[in-house]
Amino acid sequence: MDKLYLDHAAATPPSAEALAAFNAAATDCYANPGSLHQAGADAARLIEKSRRKISNLLNASNYQLVFTATGTESNHLGIRGYAQDGRALVGAIEHPSSLNSVEARAGDSAVLPVTADGRIDVERYQALLSDDVKLISVQWVNNELGCIQPLRQLIQLARQLAPRAHFHVDAIQAAGKFVLHFDQLGADSYAVAAHKFGGIRGCAGFFYKKDGRAPEPTFVGGGHELGIRSGTENTMGIAAMAAALEQRQGMLLENSNFLHDSRQKLLKAITEQCDIELLGPQDETLTSGSIISFVMKGMRAEPFLHQLETHGIYIGSGSACNAHGHSESATLAAIGLKEEMRNSVLRISFSDSLSDALALRIATAMALTAAFFKD
Ligand SMILES: Cc1ncc(COP(=O)(O)O)c(C=O)c1O
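The rules behind each value
Residues numbered from 1 in each chain as written. Predicted model: local features only at pLDDT ≥ 70, side-chain atom pairs only at ≥ 80, totals over all residues. Heavy atoms only, no water. Pairing = 2+ DSSP bridges. Helix = DSSP H or I, 4+ residues; strand = E, 2+ residues; numbered from the N terminus. Axes fitted to C-alpha atoms, helices over the stretch in contact; angles between N-to-C directions. Buried < 20%, exposed > 50% of the residue type's maximum accessible area, 1.4 Å probe, protein only. Right-handed = clockwise from strand over helix to strand, strands pointing away. Domains from an automatic or database assignment. Contact = heavy atoms within 4.5 Å. Buried area = accessible area lost by both parts, 1.4 Å probe. Salt bridge = Lys/Arg side-chain N within 4 Å of Asp/Glu carboxyl O. Core = buried A, V, L, I, M, F, W, Y, C linked by side-chain atoms within 4.5 Å.

Draft legend 1. Seen up close, the sheet that holds strand β10 (residues 291–296). Pairing is antiparallel across the open sheet formed by three strands, whose spatial order is β9-β10-β12. A strand with exactly one partner marks an edge of an open sheet, and here the two such strands are β9 (276–278) and β12 (345–349). Taking the axes of each pair of neighbouring strands and ignoring which way they run, one obtains an average angle of 35 degrees across the sheet. One ladder, built from five bridges, connects β10 with β12; its direction is antiparallel. When the bridges of β12 are listed, Ile291 appears paired with Ser349.

Draft legend 2. Summary view of the pairing of strand β4 (residues 109–112). The alternating pattern of β4 places Ala110 and Leu112 on a buried face and Ser109 and Val111 on a face that is not buried. Read as a crossover between parallel neighbours, the route from strand β3 (residues 87–91) over helix α4 (residues 96–103) to β4 is right-handed.

Draft legend 3. Highlighting the domain arrangement of the protein. The domain boundaries assigned to the protein delineate domain 1 (4–12 + 257–374) and domain 2 (16–251). In this structure, domain 1 and domain 2 have C-alpha centres spaced 27 Å apart. Each side of the interface is counted separately: domain 1 has 28 residues, and domain 2 has 29 residues. Summed over both partners, the interface of domain 1 with domain 2 comes to about 2,300 Å²; 54% of that surface belongs to carbon and sulfur atoms. In terms of surface lost to domain 2, no three residues of domain 1 exceed Thr12, Thr331 and Ile335, which account for 22% of the buried area on that side. Linking domain 1 with domain 2 are one salt bridge, by the criterion used here. Arg248 serves as the salt-bridge partner of Asp352, at 3.8 Å between the closest nitrogen and oxygen.

Draft legend 4. Structural view of the nonpolar core. In this structure, Tyr125, Ile136, Trp140, Phe167, Phe182 and Phe207 are the most contacted members of the largest nonpolar core, which totals 62 residues. Both of domain 1 (4–12 + 257–374) and domain 2 (16–251) provide at least three residues apiece to this core. Once you skip the residues sitting within four places of it in the chain, Phe167 turns out to touch Tyr125, Ile136, Val138, Leu151, Leu154, Ile155, Ala158, Arg159, Ala187, Asp188 and Ser189. One finds Phe258, Met296, Phe304 and Ala359 within the second-largest nonpolar core, a separate group that totals 33 residues.

Written as structure tokens, this is what we have:
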């Protein structure tokens, strides 16, 4: 039976392009990029070429890209790297790496409430903005629900009503899913992670404005990456990250709607066969095309997904980023989902086109799984 891995919001499989770039760098550019000899210079050149490529692909000419190891680390740079104290505002359904980073600061903080579809409640956000706000951190796309936050509006309001705030955007679930334009959006910093768009785990990026303030490093050492992120650079992971993003961008430029087309096709097939309640925005334009989050009515998510595995299909429940996927999801509470439904939430996430046959296979396997538990 063919395995069908549909948990790309947790980790994407590395693309062929990323693996090839990783192998080439591991074979030819293994030297320490800090070494003075030719081999070191070759590795350093590959890093700079990859940095330029990633910045171009994300339309980030106004930003300095610093390579890190994880999305968590990049979010920490964007949050604790700027405002160790002062008032911070953080979205209620941010990833724990942002929520906990805000909590670990010395200053006070407030959580930005979201509406039932997971989007920031703009009116209540506006009421929280003031001159003493030093930091605002909001995701582009939510990892559990797939909703897209109204960032343009949020940033505009922050510039008017909280002019001293550093605005950090967690773009980890957005990069590679639609074409991003960091310059146009104009946030103060962004986080991305390679393993969400076909790169290899252990490589991520942090972007900050070239004409702005650099973050305080999370840890210090040999002064790599402009002193912001010490530690010998992950040349292979960086080369793979650039190759992966280039491949994703190529797919998006060829057909910017392929993920939404697949999502709608799959959703239709599932609703025809199963009793579900879709979570997140009902309007397709307000959600990422790569995530479907839903309540599988009358089912418990964990046994359901294990039974679905017997059909060769792997999906997620809630968010795998909570340690071992077992902790209570703050997101589901924040959107006001009834407590008795929270254990029935499943997430299907993908990065490629789904054929009609695949959509039917998934929906049929889900219906069979539901029948297994009902019988
Ligand atoms: C939106 C979002 N932010 C941050 C992270 C953390 O990234 P990492 O696991 O690379 O630390 C994740 C991981 O799933 C995520 O989905």
